[in-house]
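Summary of structural features
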Amino acid sequence: MSSGVGPRDTVVEVGPGLGSLTLPLLDAAGRVVAVEIDPVLAARLPRTVAARAPELAGALTVVGADALAVTAAQLGEPAPTALVANLPYNVSVPVLLHLLAEVPTLRTALVMVQLEVADRLAATPGSRVYGVPSVKAGFHGTVRRVGVVGRNVFWPAPNVESGLVRIDRHAEPPWDMGEEHRRRVFAVVDAAFAQRRKTLRAALSGWAGSGARAEQVLVAAGVDPRARGEQLTTADYVAIADAARQLGVGPG
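Below is a short write-up of the structure. (Residues numbered from 1 in each chain as written. Predicted model: local features only at pLDDT ≥ 70, side-chain atom pairs only at ≥ 80, totals over all residues. Heavy atoms only, no water.)

1. Looking at the overall build of the protein
Scanning the protein for helices and strands turns up 11 helices and seven strands. Taking 2.2 N^0.38 as the reference for a compact globule, 252 residues should give roughly 18 Å; the C-alpha atoms of the protein span a radius of gyration of 20 Å, in line with that estimate. The principal-axis extents of the C-alpha atoms in the protein amount to approximately 65 × 40 × 30 Å. The burial tally for the protein puts 48% of its 252 residues in the buried class. Long-range pairs, those at least 24 residues apart, make up 66% of the contacts in the protein between residues at least 6 apart in sequence. Just so you have it, the protein exposes about 12,100 Å², and 52% of that area is on carbon and sulfur atoms. (Helix = DSSP H or I, 4+ residues; strand = E, 2+ residues; numbered from the N terminus. Rg over C-alpha atoms; globule rule 2.2 N^0.38 Å. Buried < 20%, exposed > 50% of the residue type's maximum accessible area, 1.4 Å probe, protein only. Contact = heavy atoms within 4.5 Å. Areas by Shrake-Rupley, 256 points an atom, 1.4 Å probe, with all protein chains shown as cover.)

2. A word on the packing of helix H4 (residues 92-102) against helix H6 (residues 132-140)
Relative orientation and spacing of two packed helices are given, respectively, by the angle between their axes and the distance between those axes. It is the contact of H4 with H6, at a shortest axis distance of 10 Å, that shows an interaxial angle of 20°. Here H4 lies roughly parallel to H6, going by the angle between them. H4 and H6 meet at a crossing whose hand is left-handed. Across the interface between the two elements, Val93, Leu97, Leu100 and Ala101 from H4 touch Pro133, Lys136, Ala137 and His140 from H6. A per-class count over the contact of H4 with H6 returns six nonpolar, one polar and one charged. (Axes fitted to C-alpha atoms, helices over the stretch in contact; angles between N-to-C directions. Parallel < 35°, antiparallel > 145°, perpendicular 65-115°, else oblique. Left-handed = near helix turned anticlockwise from the far one by under 90°. Nonpolar A, V, L, I, M, F, W, Y, C, P; charged D, E, K, R; others polar.)

3. Side note on the pattern of salt bridges
This model, assessed by the stated rule, comprises nine salt bridges. For arginine 144, the salt bridge identified is with aspartate 168, shortest N-O distance 3.3 Å. Taken as a pair, arginine 144 in strand E6 (residues 141-149) and aspartate 168 in strand E7 (residues 162-169) lie far apart in primary sequence, 24 residues in all. Note that arginine 166 is salt-bridged to aspartate 168, the shortest N-O span being 3.1 Å. The exposure class assigned to arginine 166 is buried, which follows from its relative accessible area of 15%. Classification of aspartate 168 as partly exposed rests on a relative accessible area of 23%. Because the salt bridges share partners, they merge into one network encompassing Arg144, Arg166 and Asp168. (Salt bridge = Lys/Arg side-chain N within 4 Å of Asp/Glu carboxyl O.)

4. Looking at the sheet that holds E6
Taking strand neighbours across the sheet as the criterion, the seven strands line up as E3-E2-E1-E4-E5-E7-E6 in an open arrangement whose pairing is mixed. In this open sheet, the two edge strands, each paired with only one partner strand, are strand E3 (60-63) and E6. With direction set aside, neighbouring strand axes in the sheet form an average angle of 20°. In the sheet, strand E5 (residues 108-114) pairs with E7 via seven bridges, with the strands oriented antiparallel. From the neighbouring strand, threonine 108 faces E7, where its bridge partner is aspartate 168. (Pairing = 2+ DSSP bridges.)

This is the structure in structure tokens:
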């Protein structure tokens, strides 16, 4: 499979529905954990697998839960190593970011999302569509758009095109990946893009307490206060959050 999963992998699938992706995942992976919020579909999926691939039924675990709130403990052992899913388009980014944060054992993610969302996730600094999803996904690993899925492969055909995005977790974390640090970094990101047309000095003034304090933090982080949010890398945002913590600026 293009996801690269193998027999040693435990795969998380979100929204398996009737199991069209679940069956090939079971054939490729050692274990599949399907997270399904619909109780009717969650109850039906094991029966579908038992009927179509009885030899694989023991490798399936269905978790009846909201993917936006599911915990690593609910996903069980062995801990998941890959996320492969056709994510619900209305919550694709929140679900992706939640699972990357909640399940640190995930090494890779291959997800299908709306094409515009795929472009935003994989965008690089300076791009017109670079923004909050780009920076936050980049906090966890390397993000690439790896394919486009045409409307004609679905029935009924949707009104939007789809894209495949792959995220490879940092093999050696370049910064603290802990929850507290992540929250500090993401607070900076949210503030910077809330007023993306303004300079960072102005955009971060509310977060820092004043424009002067924001400039102090930016200079300490090695970032030009006149720059705008879309010009910064994820590493720049990490540097700003770290400088703010050292100077006692901003929430947390």
